[in-house]
Amino acid sequence: MSVRLAISDVMWGRIEPLMSADPIRGRRWAEHRRTLEAIAWKYRTCAPWRDLPEELGSFKTTHKRLLRWAIDGTWARIFAAVLASADADGDIGWAVSVDSTVCRAHQHAAGARKGDTGRGEPADHALGRSRGGLGTKIHLASDSNARPLAIVLTAGQAGDAPAFTAVMAAIRVPRTVCGRPRTRPDVVLADRAYSSRAIRAHLRERHVRAVIPQPVDQVRHRERRGSNGGRPPAFDADTYKGRNTVERCIACLKQWRGLAMRCDKLAVAYQAALHLAAILIWVRR
């Protein structure tokens, strides 16, 4: 095959048992690996669907399966299963870093039907306009080894702090044997954009240690109030040095050009591609 592939035999050996069965025949589709390669090729190159190489099959079939598996939760289920396997092996670092990144939207990303379209699709399609034009913001939580644990999409102009609780709620790693999924990190590292009383109180209620520096204006406001300003929140500078893991995770995801610039009209399709990239990051460990 002349196309450069992204999934090795070892990686496919870990993904294949997690793929869904043919709903008609009751057996696994023989084309699953080629379909995943086709989706990965499209988002790695940011090429139009119609330019998919013939070796990777029909672009209509590939796009249809991407959407079908996004709507029925297949991508999220596979991602959760991969995380569960890593947690069982003790391979997840639970010093979690949180941050976000803006991905500009191509002109082809606009034009989807407005309002509630169902299928888990947000009404605004996770598209918002800022000074730079239309964009989507990816809110991300990564483990201490720079691998994604949770991905949440919002419109590009949305703030970081309001999406924090949604990102924390999206961290859900099932147990392979029994018990409830793990949802609570040991420590959360975030930059000054997440320094608010609400976020600190949320983490304190969940008994999660927060390592978040205070902005200068918050420090000055507390000092100006004197004894009424209260004590400064605890901050571990040495632990905070590990916050670069989420930046490295974002850089790894954006190596796929179709993720660095959004061309999908539907947010569910774009998030499905993010899930596939995250799955491949985990299975190559």
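The paragraphs below set out a description of the structure included in this document. (Residues numbered from 1 in each chain as written. Predicted model: local features only at pLDDT ≥ 70, side-chain atom pairs only at ≥ 80, totals over all residues. Heavy atoms only, no water.)

Considerations on the overall build of the protein
How we decide: Under the scheme used here, helices are H or I runs from DSSP no shorter than 4 residues and strands are E runs no shorter than 2 residues, and both carry numbers assigned from the N terminus. As a reference, a globule follows 2.2 Å times the number of residues to the power 0.38, and the radius of gyration itself is taken over C-alpha atoms. The buried label goes to any residue with under 20% of its type's maximum accessible area, the exposed label to any with over 50%, and the partly exposed label to all in between, with areas taken from a 1.4 Å probe on protein chains only. We call two residues in contact when some of their heavy atoms are within 4.5 Å. Counted as positive: Lys and Arg. Counted as negative: Asp and Glu, with His and the chain ends omitted from the count. In this description, the location of a charge corresponds to atom NZ of lysine, CZ of arginine, CG of aspartate or CD of glutamate.
Along its length, the protein carries 11 helices and seven strands. Here the C-alpha atoms of the protein give a radius of gyration of 20 Å, agreeing with the 19 Å that 2.2 N^0.38 yields for 285 residues. The burial tally for the protein puts 49% of its 285 residues in the buried class. Once local pairs closer than 6 in sequence are excluded, the contacts in the protein between residues at least 24 apart make up 66%. With 48 positive and 27 negative side-chain charges, the protein shows a spacing of 4 Å between the two charge centroids.

Regarding helix α4 (residues 74-88)
Selection rule: Here the expected length of a helix is defined as 1.5 Å per residue gap, with one fewer gap than residues.
With 15 residues, α4 extends 21 Å from end C-alpha to end C-alpha; this agrees with the ideal 21 Å at 1.5 Å per step. Within α4 the residues assigned to the buried category are T74, W75, I78, F79, A80, V82, L83, A84, A86 and D87. Buried-residue contacts for α4 involve α2 (32-45), α3 (59-71), β4 (148-155) and α11 (267-283). Following α4 by one or two positions, G90 adopts a phi angle in the positive range, close to 70°.

Some details on the layout of surface pockets
The criterion, for reference: Lining residues are defined by having an atom within 4 Å of a point belonging to a cavity or pocket. Those points lie on a 1 Å grid over the protein atoms alone, cavities being sets where a 1.4 Å probe fits but cannot get out and pockets being open sets with protein on both sides within 12 Å along at least five of seven lines. Grid points are joined across faces, edges and corners, and a volume is the space filled by probe spheres set on the points.
There is about 530 Å³ of room inside the largest pocket. Those elements giving two or more residues to the lining of the largest pocket turn out to be α6 (197-205), β6 (209-211) and α7 (216-224). With five residues, the top contributor of residues to the lining of the largest pocket is α6. Considering only enclosed or pocket space, the second largest pocket measures out at about 400 Å³ in volume.

With respect to the packing of aromatic side chains
Condition: The criterion for an aromatic pair is that two Phe, Tyr or Trp rings (for Trp, the six-membered ring) have centres within 6.5 Å, with stacked assigned to planes under 30 degrees apart, edge-to-face to planes over 60 apart and tilted to the rest. Here, over-ring charges are defined by two tests on the NZ atom of lysine or the CZ atom of arginine: distance to the ring centre within 6 Å, and angle to the ring normal within 35 degrees.
Applying the stated criterion across every chain yields a total of four aromatic pairs. Sitting above the plane of the Y43 ring, K42 keeps its charged end 5.2 Å from the centroid.

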